[in-house]
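Fold and contact review
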Amino acid sequence: MDSNGNENETQVGSTTTCGTSKHEPEGRVILAEFESFRLLNTYVPNNGWKDEETSFQRRRKWDKRIIEFVVQSSDKPLIWCGDLNVSHEEIDVSHPEFFSAAKLNGYVPPNQEDCGQPGFTLAERRRFSGILKEGKLVDAYRLLHEEKDMEGGFSWSGNPIGKYRGKRMRIDYFLVSEALKDRIVACEIHGRGIELNGFYGSDHCPVSLTLSQESSGPDPRPDES
């Protein structure tokens, strides 16, 4: 990884596992090991709309495995990126009331915390808060962008035709260990507006992270004696 456009960190290994074994055949996990940090890229399973094995239950298991991984991997700073399929706070969606009330064919889950748009249910958001807290992770974009940006603050956009037109969510992230917090220079979402400028044919747009070079400590001072 290029930390500042100049020096490359040496990669020392890579894998497609982080304890989420059921999901790995689908290519949802890439974990790269570098000398001074780990880089995790995931495509998190969608929560779905019902309490079924392939929906709510699957996502709960995924979140449980992920929190175990980030806690057990605390010996080295982590950079975790990808489609995490969750909008953490109301600021992370364009229309909170719309997403909170969303239903599929009129179905309402028995547990109120599971109601709403997949990615914006209270259950998912609370588990995500737990992952950040237990893993001592920082949301790089939100750290630098504290205010809601209705033009460029979302990485996913609904179908441009129909009730989801203009309805957008921030579900793609760069999360970094607190140890790397002071090295965050920029974190940007590269798509804008209802007309999806910068989305390049996808319903997601790119997100980028820039870190400063790792400090090597204070410069040695000449002996003045």
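Located above this text is the structure these notes cover.
The following paragraphs examine the structure supplied in this document. (Residues numbered from 1 in each chain as written. Predicted model: local features only at pLDDT ≥ 70, side-chain atom pairs only at ≥ 80, totals over all residues. Heavy atoms only, no water.)

Looking now at the overall build of the protein chain. Within the protein chain, the secondary structure is distributed over 4 helices and 10 strands. For the protein chain, the α and β elements follow one another from N to C terminus as β-β-β-α-β-α-α-β-α-β-β-β-β-β. Relative to its full complement of 225 residues, the protein chain shows a buried share of 47%. Here the contacts in the protein chain between residues at least 6 apart in sequence split such that 67% fall between residues at least 24 apart. Accessible surface for the protein chain amounts to roughly 12200 Å². Of this, 48% is attributable to carbon and sulfur atoms. (Helix = DSSP H or I, 4+ residues; strand = E, 2+ residues; numbered from the N terminus. Buried < 20%, exposed > 50% of the residue type's maximum accessible area, 1.4 Å probe, protein only. Contact = heavy atoms within 4.5 Å. Areas by Shrake-Rupley, 256 points an atom, 1.4 Å probe, with all protein chains shown as cover.)

So, on to unusual backbone geometry. Phi is positive for Asn85, which is not a glycine, with a value near 50 degrees. Positionally, Asn85 belongs in the loop between strand 4 (78-83) and helix 2 (96-101). Residue Asn105 is not a glycine yet carries a positive backbone phi of 55 degrees.

Among the structural elements, Val70 can be located in helix 1 (residues 56-72). Sequence separation between Val70 and Leu40 is 30 residues; the distance between their C-alpha atoms is 10.0 Å.

Moving on, we come to the pattern of salt bridges. On inspection of all chains with the given rule, the structure shows 14 salt bridges. The partner of Glu33 in a salt bridge is Lys76, and the shortest N-O contact between them spans 2.8 Å. In this pair, Glu33 is assigned in strand 2 (residues 29-34) and Lys76 in the loop between helix 1 and strand 4, connecting sequence segments 43 residues apart. Just as Glu33 is buried, Lys76 falls in that class too. A salt bridge links Glu113 to Arg126, with the nearest nitrogen and oxygen atoms 1.9 Å apart. Of the two residues, Glu113 sits in the loop between helix 2 and helix 3 (122-135) while Arg126 sits in helix 3, which places them 13 residues apart along the sequence. Take Glu113: its relative accessible area is 29%, and that puts it in the partly exposed class. Linked through salt bridges whose partners overlap, the residues forming this network are Glu33, Arg38, Asp75 and Lys76. (Salt bridge = Lys/Arg side-chain N within 4 Å of Asp/Glu carboxyl O.)

All told, the structure shown has 5 aromatic pairs when counted by the stated rule. Both rings, one in Phe98 and one in Tyr164, keep their centres 5.1 Å apart while their planes meet at 85 degrees; by these two values the pair is edge-to-face. One end of the pair, Phe98, is in helix 2; the other, Tyr164, is in the loop between strand 6 (156-157) and strand 7 (168-169), with 66 residues separating them in the sequence. Using a relative accessible area of 24% as the deciding quantity, one classes Phe98 as partly exposed. Look at Tyr164 and you get buried, because its relative accessible area is 18%. Pairing Phe128 with Tyr173 gives two aromatic rings, centres 5.3 Å apart and planes at 50 degrees, and the pair type is tilted. You can see Phe128 sitting in helix 3 and its partner Tyr173 sitting in strand 8 (residues 172-177), a full 45 residues away along the chain. Taken together through their ring pairs, the aromatic side chains of Phe98, Phe99, Phe120 and Tyr164 make up a single cluster. Stacked on the ring of Tyr43, the Lys or Arg Arg28 has its end atom at 4.5 Å from the ring centre. The ring of Tyr107 carries the charged tip of Lys50 above its face, separated from the ring centre by 5.2 Å. (Phe/Tyr/Trp six-rings, centres within 6.5 Å; stacked < 30°, edge-to-face > 60°. Lys NZ or Arg CZ within 6 Å of the ring centre and 35° of its normal.)

A separate point is the packing of helix 1 against helix 3. Where helix 1 meets helix 3, the closest approach of the two axes is 9 Å, and the angle between their N-to-C directions is 10 degrees. Here helix 3 runs roughly parallel to helix 1, going by the angle between their axes. Contact residues: Arg59, Arg60, Asp63, Ile66, Ile67, Val70 and Val71 in helix 1; Glu124, Arg127, Gly130, Ile131, Glu134 and Gly135 in helix 3. Tallied by class, residues from the contact of helix 1 with helix 3 come to 5 nonpolar, 2 polar and 6 charged. (Axes fitted to C-alpha atoms, helices over the stretch in contact; angles between N-to-C directions. Parallel < 35°, antiparallel > 145°, perpendicular 65-115°, else oblique. Nonpolar A, V, L, I, M, F, W, Y, C, P; charged D, E, K, R; others polar.)

Right, let's get into the pairing of strand 8. Counted residue by residue, strand 8 has 6 buried out of 6 residues, so it is predominantly covered. In strand 8, alternate side chains face the same way, and those of Asp172, Phe174 and Val176 on one face and Tyr173, Leu175 and Ser177 on the other are all buried. Here strand 4 runs beside strand 8; their pairing, made up of 5 bridges, is antiparallel. Following the sheet pairing, Asp83 is matched in strand 8 by Asp172. Summarising the sheet, strand 5 (residues 137-139) and strand 8 pair through 3 bridges and their orientation is antiparallel. What sits directly across from Leu137, in strand 8, is Ser177. (Pairing = 2+ DSSP bridges.)

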